[in-house]
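An overview of the molecular structure
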Amino acid sequence: MAVEGLLSVLNPGCIGVIIIGVVIGIIFGSIPGLTSTMGVALCLPLTFSMSPLNGIAMLVALYVGGTSGGLISAILLKIPGTPSSVATTFDGGPMAERGEGGKALGIGILYSFIGTILSIVALIFIAPSLAKVALKFGPFEYFSICLFALTMIGSMVGDNLIKGLMSAVVGITCSLFGIASIGGASRFTFGIQSLENGFALLPVMIGLFAVSEFLKIGAEGLSSTTGTTMSCKIKGFGISMKEFKEQFVNMIRSALIGIGIGILPGIGGATSNIVAYSVAKQQSKHPEKFGTGCVDGIVATETSNNASIGGALIPLLTLGIPGDTVTAMILGGLTLHGIAPGPLLFKNSGKLVYGIFAAFLIATIVMLIVEYGGIQLFVKVLSVPKYILLPVILILCIVGTYGTNHSMFDVWTALIFGVIGYFMSRFKFPQAPMILGFVLGTTIEENLIRGLMYSNNNFGAFFTSPISGVFLVFTIVMVLYTAWKQIERVRRQQA
């Protein structure tokens with residue numbers, strides 16, 4: 001069955017649509033505001049006339065290219081192309097600023113490839129088992145895991161814990177705007193109808209990381225009218241064998257985080273890249289290097305966000321439950337072709353399933369070749385004079401933001417959060433905790449309410465549930481450990 005599935009993909013037509021899908025995905029992922037979700041949505045109608053395998057192969061290829069493509073703008077422009085590449089900006093941007101953009105791209109591309117390959121292995125060999133474990137997760141478990149993920153804020157706050165926590169609280173508060181999904185209460189809408197749906201993640205991200213950067217440059221003025229010229233001559237992927245060995249534990253750990261978070265519906269790569277980055281910083285012997293152009297940070301975020309691709313496909317194929325917005329689109333593609341994902345899919349359509357696995361693998365290889373081959377071209381973007389480059393990027397950001405929901409409200413959201421991001425940067429408030437709080441806020445609230453409803457308002461039930469209890473204990477330990485580290489740091493500074 002596996003061999004038949006592989007052979008069904010090895011034909012010019014299928015490989016052709018995979019290559020097209022990867023290239024389109026990389027373009028959508030690398031342009032701020034145009035995400036892989038938008039790419040899949042736009043290309044979904046094109047798959048109607050294709051065979052089921054070719055159609056799904058193209059969508060999967062778009063997913064792979066779009067997720068990885070976000071690293072290009074994250075590194076070269078310090079603007080995440082997708083929510084999955086937010087943390088890549090933290091160290092990729094500084095590396096590009098000191099003339100190591102080629103090396104940063106090479107490392108990001110390599111570990112994007114490795115993360116995706118590891119998720120394919122998980123998808124092929126342990127998908128049913130992982131899906132069964134994920135199926136046991138209820139509101140108690142989701143609440144506890146997301147609360148635990150919030151403790152990762154401790155590694156992102158820099159030298160000021162209070163400012164980091166305030167940033168996270170602002171992010172959580174912003175996630176509560178609009179009509180509550182449970183109960184239907186209207187919150188912070190101020191009579192504005194557009195606010196009833198709350199703020200979308202993409203405009204918030206574009207505002208905090210892109211618009212705020214333009215405002216900062218506008219306030220400080222351009223240092224030069226010419227672009228940055230850098231050498232992109234790298235040996236291999238810019239990482240030595242010694243460095244690769246040093247990053248092995250970080251790579252495996254980040255891949256496991258990506259796969260694990262990818263499996264959980266509604267969380268995905270937007271969370272996994274920040275969590276993996278935070279864990280890598282906490283486990284590092286030199287955490288002070290993170291944020292200054294540290295290879296460890298790029299390895300963590302790019303391995304995890306691409307590993308979440310295979311993780312998100314696991315519940316889709318084995319249970320029929322999409323793990324994120326892109327897999328929800330792919331679910332639509334499967335349904336349109338008369339394919340019902342779920343436990344019987346492997347039995348009834350084994351050839352198709354293994355064909356999808358093979359297409360996933362080929363798309364990953366194509367992604368590696370296309371992105372590595374384009375490093376020279378990508379780096380040349382920085383040689384464009386800033387007075388030309390920056391307005392073009394800003395227009396693309398606005399167009400991408402508008403194109404998400406075809407709403408001017410999203411554009412205003414990006415501009416408002418751009419102003420917020422500018423003042424946060426000016427007064428040294430970290431932006432990463434705010435994004436993490438915004439991403440997880442709604443999930444935490446919904447599952448807290450559901451859990452209290454199931455347990456008749458007994459919060460102790462969150463501790464008696466085994467999985468939930470373990471994560472809550474981890475959360476408490478992590479909070480105490482973070483507080484202790486901050487106290488020790490203050491003591492050393494005062495000594």
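Residues numbered from 1 in each chain as written. Predicted model: local features only at pLDDT ≥ 70, side-chain atom pairs only at ≥ 80, totals over all residues. Heavy atoms only, no water.

1. A look at the overall build of the chain
Note the cut-off: Think of it this way: any DSSP run of H or I at least four residues long counts as a helix, any run of E at least two long counts as a strand, and we number them from the N terminus. Here the globule rule is a power law, 2.2 Å times the number of residues to the power 0.38, and the radius of gyration is based on C-alpha atoms. Only protein chains enter the accessibility calculation, which uses a 1.4 Å probe; a residue is then buried when its area is under 20% of its type maximum, exposed when over 50%, and partly exposed in between. Pairs of residues are marked as contacts when any of their non-hydrogen atoms sit within 4.5 Å. For the area figures, the Shrake-Rupley method with a 1.4 Å probe applies, and any residue is considered shielded solely by the protein chains shown. Only four residue types enter the tally: Lys and Arg on the positive side, Asp and Glu on the negative side, with His and both chain ends excluded. Charge placement uses NZ in Lys and CZ in Arg. For Asp and Glu, CG and CD serve respectively.
Looking only at helices and strands, the chain has 23 helices and two strands in total. Radius of gyration (C-alpha) of the chain: 22 Å, near the 23 Å computed for a compact globule of 495 residues. Reported as C-alpha extents along the three principal axes, the dimensions of the chain are approximately 70 × 65 × 50 Å. When each of the 495 residues of the chain is scored for burial, the buried share is 55%. For the chain, restricting intrachain contacts to residue pairs at least 6 apart in sequence, the fraction spanning at least 24 positions comes to 79%. Just so you have it, the chain exposes about 21100 Å², and 68% of that area is on carbon and sulfur atoms. For the chain, the distance from the average site of its 27 positive side-chain charges to the average site of its 20 negative ones is 6 Å.

2. As for a nonpolar patch on the surface
Defined as follows: For patch building, the residue pool is restricted to those with more than 30% relative accessible area and no salt bridge; the joining distance is 9 Å between like charges and 5 Å between nonpolar side chains (Val, Leu, Ile, Met, Phe, Trp, Tyr). By salt bridge we mean one thing: a side-chain nitrogen of Lys or Arg within 4 Å of a carboxyl oxygen of Asp or Glu.
A contiguous nonpolar surface patch, about 560 Å² in accessible area, is contributed by Tyr 402, Met 408, Trp 412, Leu 415, Ile 416 and Ile 420. With five residues, the single largest contributor to the nonpolar patch is helix α20 (residues 408–426). Residue position: Tyr 402 is located in helix α19 (residues 386–405). Looking at Tyr 402, the relative accessible area reads 35%, which means it is partly exposed.

3. Some thoughts on the packing of aromatic side chains
Note the threshold: Each Phe, Tyr or Trp ring (for Trp, its six-membered ring) is paired with any other whose centre lies within 6.5 Å, and the angle between the two planes then decides the class: stacked below 30 degrees, edge-to-face above 60, tilted in between. Only when the NZ atom of a Lys or the CZ atom of an Arg is both within 6 Å of the ring centre and within 35 degrees of the ring normal do we say a charge sits over the ring.
Summed over all chains, the structure comprises 19 aromatic pairs. Measuring from centroid to centroid gives 5.6 Å for Tyr 354 and Phe 357, while their planes differ by 90°, and the two rings are edge-to-face. Taken together, the residues Tyr 354 and Phe 357, both in helix α17 (residues 350–373) and three residues apart, mark about one turn of the helix. Cluster of aromatic residues (ring-pair linked, three or more members): Phe 140, Phe 143, Phe 459, Phe 462 and Phe 463. We note Lys 163 situated over the ring of Phe 429; from NZ or CZ to the ring centre the distance is 5.3 Å.

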